[in-house]
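Survey of secondary and tertiary structure
Below are the chains, spelled out letter by letter.
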Amino acid sequence: MKRQSTLFCCLLAAALLIACAPAVFADVIAIGSKMENFSLPNTSGKVSTLSDLKGKNGAVIVFLSAQCPVVRGYNERISRIAAEYEAKGIRFVGINSNATESLDWAKGNAAENYKFPVLIDKGNLLADKLGASVTPEIFLIDANNVLVYHGAVDNDRSGGNITKPYLRSALDAVIGGKKVEITEINAFGCSIKRVGDK
Amino acid sequence: MVSKRPVPAWAVIFILLAFTASMVGQRRAKPVAKPAAAAIPVVKQIGDEDLRALIKPGGKPLLINFWATWCVPCREEFPDLVVLDKEFSGKIDFITISLDDLAEIKRDVPKFLNEMGAKMPAYLLKTADENNAIAIVTREWKGGLPFSILYAPTGETAYFRQGKIDPATVRQKINDQLAVK
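How each quantity is defined
- Residues numbered from 1 in each chain as written.
- Chains lettered and ligands numbered in written order.
- Predicted model: local features only at pLDDT ≥ 70, side-chain atom pairs only at ≥ 80, totals over all residues.
- Heavy atoms only, no water.
- Helix = DSSP H or I, 4+ residues; strand = E, 2+ residues; numbered from the N terminus.
- Buried < 20%, exposed > 50% of the residue type's maximum accessible area, 1.4 Å probe, protein only.
- Contact = heavy atoms within 4.5 Å.
- Polar contact = N/O pair within 3.5 Å; in protein donor to acceptor, adjacent residues only side chain to side chain.
- Disulfide = S-S within 2.5 Å.
- Pairing = 2+ DSSP bridges.
- Axes fitted to C-alpha atoms, helices over the stretch in contact; angles between N-to-C directions.

1. Digging into the overall build of chain A
Counting secondary structure elements, chain A contains 6 helices and 10 strands. Across the 198 residues that make up chain A, the buried fraction comes to 48%. Residue pairs in contact within chain A that sit at least 24 positions apart in sequence constitute 77% of those at least 6 positions apart.

Take a look at the structure:
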């Protein structure tokens, strides 16, 4: 009896420890590794896969938010880059992983700002898998689904003084068959609001 | 019979001066119970090098909160930060650094700090590249707001958190630092 109660106490303590542990994000997918195919519904509920959506030269997966002012500041630039590089065989795929944003909200925002599809990452499973933590945050894969760039769009959220166009440089390298010089740079923006965040 | 003599003018002036001086003295010694409207907090603009200087070890644990008025979770966690500041006043250094646009340095940033009753030194970081600032603070910062970091008195990172803090955790981490002899 005493043994059983001791065991029960240990199990309870372990369970409490797990419950109280801070959320740990999955490791960020490494540069040079292959991004696995994924499938998510778009804002109309139609499920698409990465393979369906990517262009012949690759894809840009961009984590977005309907309410983040940093994303709003980047919307025009992202749309412009998407339009420009779609013609060069790169497709953009938006992902909304924010647990605090309703489908209607995400849908309205997508219709207003983007011509590329925005997928709903309910439960932030894709964000966890890739290690995405902010919006806007970019993952660029080449024609073979290999991650070649991860991070910020550029170095100036205001857009008035861009001296390091990270994403454009990476896209040009991919299209030109060259090595991407800067492969990782922290994206600045709003934290993705994950399920369970208080 | 007592004759009523007029009080000399110099005596009246002397009494008035003495009374005024005593009132001024009293005010200095004892603040008025009901202060006038609180002064709007002054937010100082800083750049990357100022940030580097602020982070230099200063003998106490240093807690920094990076935030912005447009960041909802930043606003939500601010009351907890104000409580922590009061609780550890004098024991740690605690500063807040806003990443709002410079235009907000005299508008929304001090307005919000005032609403919160925030007394910690407040700064607004104007940087040409957020990644420079991130590199100065810690490579562990993934670029999201809010971001809080606690430095040990030696300058080493004792704790950091991207996203809203858990006040109990921060309290514990600060106490851990204060317990180090």
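2. Points about the environment of A:Lys193
Relative to the helices and strands, A:Lys193 is located in the segment after β10 (189-191). Among residues more than four places away in sequence, those in contact with A:Lys193 are A:Ser97, A:Asn98, A:Ala99, A:Thr100 and B:Pro73. A distance of 2.8 Å separates the side chain of A:Lys193 from the backbone oxygen of A:Ser191, its partner in a polar contact.

3. Overview of the state of the cysteines
A disulfide bridge is the covalent bond that connects two cysteines by way of their sulfur atoms. Residue and element names in this part refer to chain A. This model, assessed by the stated rule, comprises 2 disulfides over all chains. With its sulfur 2.0 Å from that of its partner, cysteine 68 forms a disulfide with cysteine 190. Here cysteine 68 and cysteine 190 share a disulfide; its torsion about the S-S bond, 80 degrees, makes the bridge right-handed. Of this pair, cysteine 68 sits in the loop between β3 (58-64) and α3 (69-86) while cysteine 190 sits in strand β10, and the two are 122 residues apart along the sequence. With a relative accessible area of 2%, cysteine 68 lands in the buried category.

4. Some remarks on the pairing of strand β8 (residues 147-151) of chain A
Residue and element names in this part refer to chain A. Of all 5 residues making up β8, 5 are buried, and the element is well covered by its neighbours. Note that strand β7 (residues 137-142) and β8 share 4 bridges and pair antiparallel. The partner of leucine 140 across the bridge, within β8, is tyrosine 149. The hairpin formed by β7 and β8 contains 4 residues between the paired strands, and asparagine 145 there has a positive phi angle of roughly 70 degrees.

5. Overview of the sheet that holds β8(A)
Residues and elements named next belong to chain A. If you trace the 6 strands from one edge of the open sheet to the other, you get β5-β4-β3-β7-β8-β9, paired in mixed fashion. Among the strands making up the open sheet, the edge pair consists of β5 (118-120) and β9 (184-185). Sheet strands in contact with helix α6 (residues 166-175) are β3, β4 (90-96), β7, β8 and β9, and its direction is about 5 degrees off that of β7.

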